[in-house]
Amino acid sequence: MTYSYIKDPQEIERQSFQQIRAQTDLTGLSVEQQQVVMRIVHSVGIPSIARQIRFSENACTAGIGALRGSAKILCDVEMVKQGLTKRMLERAPLCFLNDPEVAVLAKQRRETRTMAALTHWQTALAGSIVLIGNAPTALFRLLEMLAAGAQKPALVIGMPVGFVGAAESKQALWDDHQKLGVECITILGKEGGSAVTAASCNALLRCIKGEYY
């Protein structure tokens, strides 16, 4: 059997983003915000998700500036880390979820490993890019740390997915980001995940390289 389909990767991407731009409401968004929204839509195949995406006032500017300065990138899970475009990174992203000490600490505290892993973030938070795409408990713990006086990241991309705590953690981020003094990008509701979180960071990295759609 033979099938007729496009094989050229550049043409696939060009046509994909042509359709995304035509089907997605990008009204009122800056050029950089548009790139983030389109990358998220590209990841999930649902243009209507654009209505759920929220940007703090200086989110893209702060994120691009931090990435341009080779800021540390902190990931809640390996799936987020692996989804980042390696050719665009100045330094390897960090994820401590599989550190043996984390499993022990999580058991002692009777909490998730993603929560316990944030103990390793304490000295790395200042000026960093935080990517939380899987664990609502990690996002809640981050907000608690910030409220307690932890150093502030340059940008929090908080997009955990799920039915227990996901919507609530992202709403808390959106409601409290100004009080906590952090810039953020999030997707309100249950939707989210590692792919869209990584895609959001990748969009900012592409802006630095001048790769726009």
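Please refer to the structure higher up on the page.
Now for a description of the structure that goes with this document.

Cut-offs and rules
Residues numbered from 1 in each chain as written. Predicted model: local features only at pLDDT ≥ 70, side-chain atom pairs only at ≥ 80, totals over all residues. Heavy atoms only, no water. Pairing = 2+ DSSP bridges. Helix = DSSP H or I, 4+ residues; strand = E, 2+ residues; numbered from the N terminus. Axes fitted to C-alpha atoms, helices over the stretch in contact; angles between N-to-C directions. Contact = heavy atoms within 4.5 Å. Patch = residues over 30% accessible without salt bridge, like charges linked within 9 Å, V, L, I, M, F, W, Y side chains within 5 Å. Areas by Shrake-Rupley, 256 points an atom, 1.4 Å probe, with all protein chains shown as cover. Salt bridge = Lys/Arg side-chain N within 4 Å of Asp/Glu carboxyl O. Parallel < 35°, antiparallel > 145°, perpendicular 65-115°, else oblique. Left-handed = near helix turned anticlockwise from the far one by under 90°. Nonpolar A, V, L, I, M, F, W, Y, C, P; charged D, E, K, R; others polar.

**Overview of the sheet that holds strand β4 (residues 155-158)**
Then comes step 1: Strand order in the open sheet formed by five strands is β1-β5-β4-β3-β2, and the pairing between neighbours is mixed. Both edges of this open sheet fall to β1 (53-55) and β2 (73-75), since each of them pairs with a single strand only. Going across the sheet, the axis of each strand differs from the next one's by a mean of 10 degrees, ignoring polarity.
Then comes step 2: Pairing analysis gives three bridges linking β1 to strand β5 (residues 184-187), with the strands arranged antiparallel. By the bridge assignment for β5, Phe-55 is matched with Ile-185.
Then comes step 3: Those strands touched by helix α3 (residues 59-68) are β1, β2, β3 (129-132), β4 and β5, and its axis lies near 110 degrees from that of β3.
Then comes step 4: Contacts from helix α9 (residues 194-209) reach β2, β3, β4 and β5, with the element oriented near 145 degrees to β4.

**Description of the environment of His-120**
Then comes step 1: Relative to the helices and strands, His-120 is located in the loop between α6 (113-117) and β3.
Then comes step 2: Spatially, the C-alpha atoms of His-120 and Lys-190 are 27 Å apart, while their sequence positions differ by 70 residues.
Then comes step 3: Those residues in contact with His-120 that lie beyond four places of it in its chain are Phe-96, Asp-99, Glu-101 and Val-102.

**A word on the environment of Leu-131**
Then comes step 1: As for its placement among the helices and strands, Leu-131 is situated in strand β3.
Then comes step 2: Along the backbone, Leu-131 and Arg-113 are 18 residues apart, and their C-alpha atoms lie at a distance of 16 Å.
Then comes step 3: Not counting residues within four places of it along the chain, the set of residues in contact with Leu-131 comprises Ile-73, Leu-74, Cys-75, Asp-76, Val-80, Leu-84, Ile-157, Thr-197 and Cys-201.

**Focus: a nonpolar patch on the surface**
Then comes step 1: Side chains of Met-1, Tyr-3 and Tyr-5 sit close together on the surface and give an oily, nonpolar patch of about 500 Å² of accessible area.
Then comes step 2: Relative to the helices and strands, Tyr-5 is located in the segment before α1 (9-23).

**Points about the packing of helix α7 (residues 136-147) against helix α8 (residues 166-180)**
Then comes step 1: Orientation of α7 relative to α8, taken along the N-to-C sense of each, is 20 degrees, at an axis distance of 9 Å. Viewed along their axes, α7 and α8 adopt a mutual orientation that is roughly parallel. The handedness of the crossing between α7 and α8 comes out as left-handed. Within the contact between the two elements, α7 uses Pro-136, Leu-139, Phe-140, Leu-143, Leu-146 and Ala-147 and α8 uses Ala-166, Glu-168, Ser-169, Lys-170, Ala-172, Leu-173 and Leu-180.
Then comes step 2: Of the residues assigned to the contact of α7 with α8, the class counts are ten nonpolar, one polar and two charged.

All we've got here are geometric facts, nothing functional implied.
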